[in-house]
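# A closer look at the structure
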Amino acid sequence: MGKHRRKTKTKYIVRRVVFALLLLLVVVLGGWKLWQLFGGEDPVSGIHGEPASLPESSEPPVSAPDPAPDPEPEPQPEPDPGPDIDPQDWRLVLINPTHAIEKELEMEFDEVQGYQFDKRITGKIRELIAAAKEDGINLAIISGYRTMDRSRILYANKIAEYKNMGYDEATAKIEAAKWVAPPGTSEHHSGLAMDIVSAGYYTKYSDLVEAFENDPEAIWLKENCARFGFILRFPKDKTEVTGINFEPWHFRYVGEEHAKEIMEQGICLEEYLGETE
């Protein structure tokens with residue numbers, strides 16, 4: 001009986017202790033919730049789960065590295081200004097209707113295929129003809145150096161042709177000058193110009209005609225003349241500048257460096273020298 005009482009008493013005490021602990025836990029949890037509700041913050045997260053501010057570090061902030069500087073642009077090569085143009089260069093003498101000469105030019109002559117030229121260019125003419133022959137192109141010179149007296153005769157003959165076709169004197173002179181330069185204005189006075197065609201030209205044509213431009217000889221000359229210092233002097237699209245009709249047979253020596261510039265740019269000598277007015 002006494003033993004039974006002691007067990008009952010012990011159980012009673014345990015229940016009281018457990019009840020007290022549970023009550024304490026409830027109080028603590030309730031107080032904790034109230035503390036959060038009325039301003040308290042979790043040390044890691046603030047109200048509504050937002051991150052709390054962390055204490056500032058005593059160490060200075062690490063700054064982001066400066067961006068790498070843009071690489072220096074590679075220097076661009078200067079455009080090639082082309083060869084110097086010396087107005088006194090004998091190879092660049094300009095003879096045309098606005099740059100006429102009053103007397104014959106002095107020069108030493110040499111012959112190629114029976115025609116006279118300035119001796120300084122005859123070597124290049126021979127080289128051109130030889131190179132064409134190696135390519136199966138046979139060329140024949142039909143005009144070289146021309147005196148002012150010879151130009152006077154040719155010009156008068158051309159005027160007569162147009163007058164026979166019904167042109168009046170003034171118009172005949174204008175039309176004739178498009179094909180035969182009046183004395184003092186002819187490129188042939190320079191000794192640097194030549195009319196050159198196919199070896200059998202006159203078996204195909206009765207006169208100098210623009211259709212020659214389609215012949216293999218004219219095509220070869222236009223494509224290769226600059227290699228030897230020559231240019232197509234009166235291009236098809238430059239008649240308003242030169243005042244002379246297209247002549248696919250007329251070539252003029254200016255020197256290899258100038259010829260290359262002129263032919264590559266597709267311009268005429270007047271444009272190259274800045275003499276277009």
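Data block above holds the structure.
Residues numbered from 1 in each chain as written. Predicted model: local features only at pLDDT ≥ 70, side-chain atom pairs only at ≥ 80, totals over all residues. Heavy atoms only, no water.

We now examine the side chain of Lys158. Structurally, Lys158 is set in helix α3 (residues 148–164). By relative accessible area, which is 16% here, Lys158 ends up buried. In contact with Lys158, other than residues within four places in its own chain, are Ala176, Trp179 and Val180. (Helix = DSSP H or I, 4+ residues; strand = E, 2+ residues; numbered from the N terminus. Buried < 20%, exposed > 50% of the residue type's maximum accessible area, 1.4 Å probe, protein only. Contact = heavy atoms within 4.5 Å.)

What follows concerns the environment of Ser190. As for its placement among the helices and strands, Ser190 is situated in the loop between α4 (169–177) and β4 (193–198). Judged by relative accessible area, which is 4%, Ser190 ranks as buried. At 3.0 Å, the side chain of Ser190 forms a polar contact with the backbone nitrogen of Leu192. (Polar contact = N/O pair within 3.5 Å; in protein donor to acceptor, adjacent residues only side chain to side chain.)

The next point concerns the nonpolar core. Inside soluble globular proteins, nonpolar side chains tend to come together where they are buried. Judged by nonpolar contacts, the single largest core of 23 residues is most densely connected at Ile125, Leu128, Ile196, Trp220 and Phe230. Broken down by secondary-structure element, the contributors of at least two residues to this core are α2 (122–134), β3 (139–143), β4, α6 (216–224), β5 (230–232) and β6 (250–253). The biggest single contributor to this core is α2, with 5 residues. Among residues more than four places away in sequence, those in contact with Phe230 are Ile121, Lys124, Ile125, Leu128, Leu192, Met194, Cys225, Phe251, Arg252, Tyr253, Ala259 and Met263. By size, the runner-up hydrophobic cluster in this structure holds 10 residues, among which are Leu92, Ile231, Ala259 and Ile262. (Core = buried A, V, L, I, M, F, W, Y, C linked by side-chain atoms within 4.5 Å.)

Okay, the packing of α3 against α4 next. It is the contact of α3 with α4, at a shortest axis distance of 8 Å, that shows an interaxial angle of 125°. Considering the angle they form, α3 stands oblique to α4. For the pair α3 and α4, the sense of crossing is right-handed. On the side of α3, the interface is formed by Tyr155, Lys158, Ile159, Tyr162 and Lys163, while α4 contributes Glu169, Ala172, Lys173, Glu175, Ala176 and Ala177. (Axes fitted to C-alpha atoms, helices over the stretch in contact; angles between N-to-C directions. Parallel < 35°, antiparallel > 145°, perpendicular 65-115°, else oblique. Left-handed = near helix turned anticlockwise from the far one by under 90°.)

With respect to topology, 4 strands assemble into an open sheet ordered β3-β4-β6-β5, the strand pairing being antiparallel. Looking along the sheet, the strands with just one partner apiece sit at the ends: β3 and β5. Across this sheet, the average inter-strand angle for adjacent strands is 40°, counted without regard to direction. Here β5 pairs with β6 via 3 bridges, running antiparallel. (Pairing = 2+ DSSP bridges.)

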